[in-house]
Amino acid sequence: MASSHCPRCQQWERSPADTYCGFCGRLLLELTLHPEELILISALAPQRELTLVNAEPRPLRVLLAPASTPIPGLTIEPAGPFEIPAGGEARALLSLDEEKLPANLKVRELPYACVVDNDPHQALPFKVVVKSGPRPQLLSPTVQFGELEEGTRAERQIQLRNQGGVPLRLRAVKPEGSSQLGLAAAAKLPETVLQEDEKLL
């Protein structure tokens, strides 16, 4: 049952013809979105579902549209307008295509709107947060030891950076290629977490 007053400000008495509050501007349609913020992470959580609940006594035709420049690689299904039955609900699926995301993406917050009946004045906002998954990058891909005499020992540092938008969890580091290669004691950690843009020496 729709409230007789605006649920935000309680200053506007709603008539059956009102779709938004004349005092604070809030959309008065009994339409809710769950959740109002969706977080998608490439490679880890590339899909999220949005549920739209229509408590109005009539069906609503809606379109989920970006309120700013959209990001490549983010899609919404249904892509066009769709109907939510009276007293019912509908679902939309947001998906990330990792190969189409910008190479330098870490975290991007994108405003979206659920537009009702093709009327921009009847728009319910929601937010989409896109993060890149953990992206390890070797800052020193080549390690030179030079000439070593038999029985001598040399150590070199390897730098690793997390270029992703979420923490990178390292569970093990293993040398390969020669039985003469080993890891210093400081590198033999059971588990290491690199935060966004953090380096490990």
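Note that the structure is predicted; figures quoted are calculated from it, not measured.

**Brief notes about the sheet that holds strand β1 (residues 31–34)**
Whenever strands of a sheet pair, they do so through backbone hydrogen bonds, lying parallel or antiparallel.
Inference 1: Strand order in this open sheet of 4 strands is β1-β3-β7-β5, and the pairing throughout is antiparallel. Edge positions in the open sheet fall to β1 and β5 (74–77), since each of these has one partner strand only. The sheet shows a mean angle of 20° between the axes of neighbouring strands, taken without regard to direction.
Inference 2: Of the strand pairs in this sheet, strand β3 (residues 47–54) and strand β7 (residues 89–96) are connected by 7 bridges, and their pairing is antiparallel. Note that in β7 the partner of Q47 across the bridge is S95.

**Considerations on the environment of C24**
Inference 1: By the element assignment, C24 lies in the segment before β1.
Inference 2: Under the relative-accessibility criterion, C24 is labelled partly exposed at 28%.

**Re the packing of aromatic side chains**
Inference 1: Applying the stated criterion across every chain, the model contains 1 aromatic pair.
Inference 2: Each ring, one from Y112 and one from F126, has its centre 5.7 Å from the other, and the planes form 35°; the classification is tilted. Residue Y112 is found in strand β8 (residues 107–116), and its partner F126 is found in strand β9 (residues 119–131); the two are separated by 14 residues along the sequence. Comparing Y112 with F126, the two get one shared label, buried.

**Description of the sheet that holds strand β2 (residues 37–41)**
Inference 1: Strands sit in the order β2-β9-β8-β4-β6 across an open sheet of 5 strands; the sheet is mixed. Because the sheet does not close on itself, it has two edges, and the strands there are β2 and β6 (82–84). Ignoring which end each strand starts from, the neighbouring axes of this sheet average 35° apart.
Inference 2: With 10 bridges connecting them, β8 and β9 associate as antiparallel partners. In the sheet register, R108 faces β9, and the bridge partner there is V130.

**A closer look at the pattern of salt bridges**
Inference 1: Counted according to the given criterion, the structure contains 5 salt bridges.
Inference 2: In this structure, R58 engages D117 in a salt bridge whose closest nitrogen and oxygen atoms are separated by 3.3 Å. On the criterion of sequence distance, the pair formed by R58 in the loop between β3 and β4 (60–66) and D117 in the loop between β8 and β9 is long-range, its members being 59 residues apart.
Inference 3: Owing to a relative accessible area of 33%, R58 belongs among the partly exposed residues under this scheme.
Inference 4: Take D117: its relative accessible area is 35%, and that puts it in the partly exposed class.

**Details of the pairing of β4**
Inference 1: Direction of pairing for β4 relative to β6: antiparallel, over a ladder of 3 bridges. Residue pairing for β6: V62 is matched across the bridge by F82.
Inference 2: Relative to β8, β4 is paired through 5 bridges, and the arrangement is antiparallel. Residue pairing for β8: A65 is matched across the bridge by A113.

Thresholds, definitions, all that
Residues numbered from 1 in each chain as written. Predicted model: local features only at pLDDT ≥ 70, side-chain atom pairs only at ≥ 80, totals over all residues. Heavy atoms only, no water. Pairing = 2+ DSSP bridges. Helix = DSSP H or I, 4+ residues; strand = E, 2+ residues; numbered from the N terminus. Axes fitted to C-alpha atoms, helices over the stretch in contact; angles between N-to-C directions. Buried < 20%, exposed > 50% of the residue type's maximum accessible area, 1.4 Å probe, protein only. Phe/Tyr/Trp six-rings, centres within 6.5 Å; stacked < 30°, edge-to-face > 60°. Salt bridge = Lys/Arg side-chain N within 4 Å of Asp/Glu carboxyl O.

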